[in-house]
Amino acid sequence: MVILDKNGLSGFTKRILDFIFLGGLGIFVTLPYALRWYMNVIYRTSTENYYFLLGFLYITGLVCLGLVNEMRKIFKTLNRRNPFMMDNVKSLNRVGGSCFIIAAAYLIKIFFYNSVLTAIITMVFIIAGLFAVVLAEVFRQAIAVKEENDLTV
């Protein structure tokens, strides 16, 4: 099985990320209507939390769209079989920062609308942010080694 190629696993993952990005844009545009529908029909609650949730979902949604876009950039370089680039280090650092912003937003949400899922999502994004920052440093060191090897050849 081919891993790094347009027709391999990384290409398949890139296409999934493209679909998620386009779907996320659609959700972002229709969010006021979808949230109102959800609160009235599905959840059957009062709309007193509507504006808080709308703002919360817009902020985290925008950050998530940025995160998915950075992941798309990384997989684009993977498909070209050139993963050790400074652009990927920058993208991974942005992914880490996005994860920390989302974790902070969910941490704030805990004080207003606490649930087990909110706490779990907070922890997942903290771990994902730490992973992305560490992976960015691994890529940075790999780039340094690659450049050193390119000079000796």
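Up top you'll find the structure we're talking about.
Residues numbered from 1 in each chain as written. Predicted model: local features only at pLDDT ≥ 70, side-chain atom pairs only at ≥ 80, totals over all residues. Heavy atoms only, no water.

Here Asn93 is to be found in helix α3 (residues 86-112). Residue class for Asn93 comes out partly exposed when judged on its relative accessible area of 31%. Setting aside chain neighbours within four positions, we find Asn93 in contact with Val133, Ala136 and Arg140. (Helix = DSSP H or I, 4+ residues; strand = E, 2+ residues; numbered from the N terminus. Buried < 20%, exposed > 50% of the residue type's maximum accessible area, 1.4 Å probe, protein only. Contact = heavy atoms within 4.5 Å.)

Considering soluble globular proteins, one finds that nonpolar side chains tend to be buried as a cluster. Formed by Leu17, Phe21, Leu65, Val68, Ile74, Phe75, Leu78, Val89, Leu92, Ala136, Phe139 and Ile143, the largest nonpolar core amounts to 12 residues. Every element with two or more residues in this core is listed here: α1 (9-42), α2 (50-79), α3 and α4 (116-152). Apart from the residues lying within four places of it in its own chain, the contact partners of Val68 are Leu17, Ile20 and Phe21. In this structure, Phe56, Cys99, Ala105 and Ala132 belong to the second largest nonpolar core, which totals nine residues. (Core = buried A, V, L, I, M, F, W, Y, C linked by side-chain atoms within 4.5 Å.)

The next subject is the pattern of salt bridges. Tallied over the full model, the rule gives five salt bridges. Lys14 is the partner of Asp18 in a salt bridge, and the nearest nitrogen-oxygen pair spans 2.9 Å. One end of the pair, Asp18, and the other, Lys14, are both in helix α1, four residues apart, so they sit about a helical turn from each other. Assessed through its relative accessible area of 22%, Asp18 is described here as partly exposed. Take Lys14: its relative accessible area is 15%, and that puts it in the buried class. A salt bridge links Glu70 to Lys73; the nearest nitrogen and oxygen atoms lie 3.3 Å apart. With Glu70 and Lys73 both in helix α2 and three residues apart, the pair spans about one turn of that helix. On the basis of relative accessible area, Glu70 is assigned to the buried category, the value being 8%. Relative accessible area serves as the criterion here: at 39%, Lys73 is assigned to the partly exposed category. One salt-bridge network, in which partners are shared between bridges, spans Lys14, Asp18 and Arg72. (Salt bridge = Lys/Arg side-chain N within 4 Å of Asp/Glu carboxyl O.)

At a minimum axis distance of 9 Å, the contact between α2 and α3 shows a crossing angle of 160°. Compared by their axis directions, α2 and α3 come out roughly antiparallel. The crossing of α2 and α3 is left-handed. Of the residues in the contact of α2 with α3, the class split is 16 nonpolar, five polar and four charged. (Axes fitted to C-alpha atoms, helices over the stretch in contact; angles between N-to-C directions. Parallel < 35°, antiparallel > 145°, perpendicular 65-115°, else oblique. Left-handed = near helix turned anticlockwise from the far one by under 90°. Nonpolar A, V, L, I, M, F, W, Y, C, P; charged D, E, K, R; others polar.)

A contiguous nonpolar patch, built from Met1, Ile3, Leu4, Leu9, Phe12, Ile16, Phe19 and Ile20 and spanning about 840 Å² of accessible area, is present on the exposed surface. Take Met1: it is sitting in the segment before α1. (Patch = residues over 30% accessible without salt bridge, like charges linked within 9 Å, V, L, I, M, F, W, Y side chains within 5 Å. Areas by Shrake-Rupley, 256 points an atom, 1.4 Å probe, with all protein chains shown as cover.)

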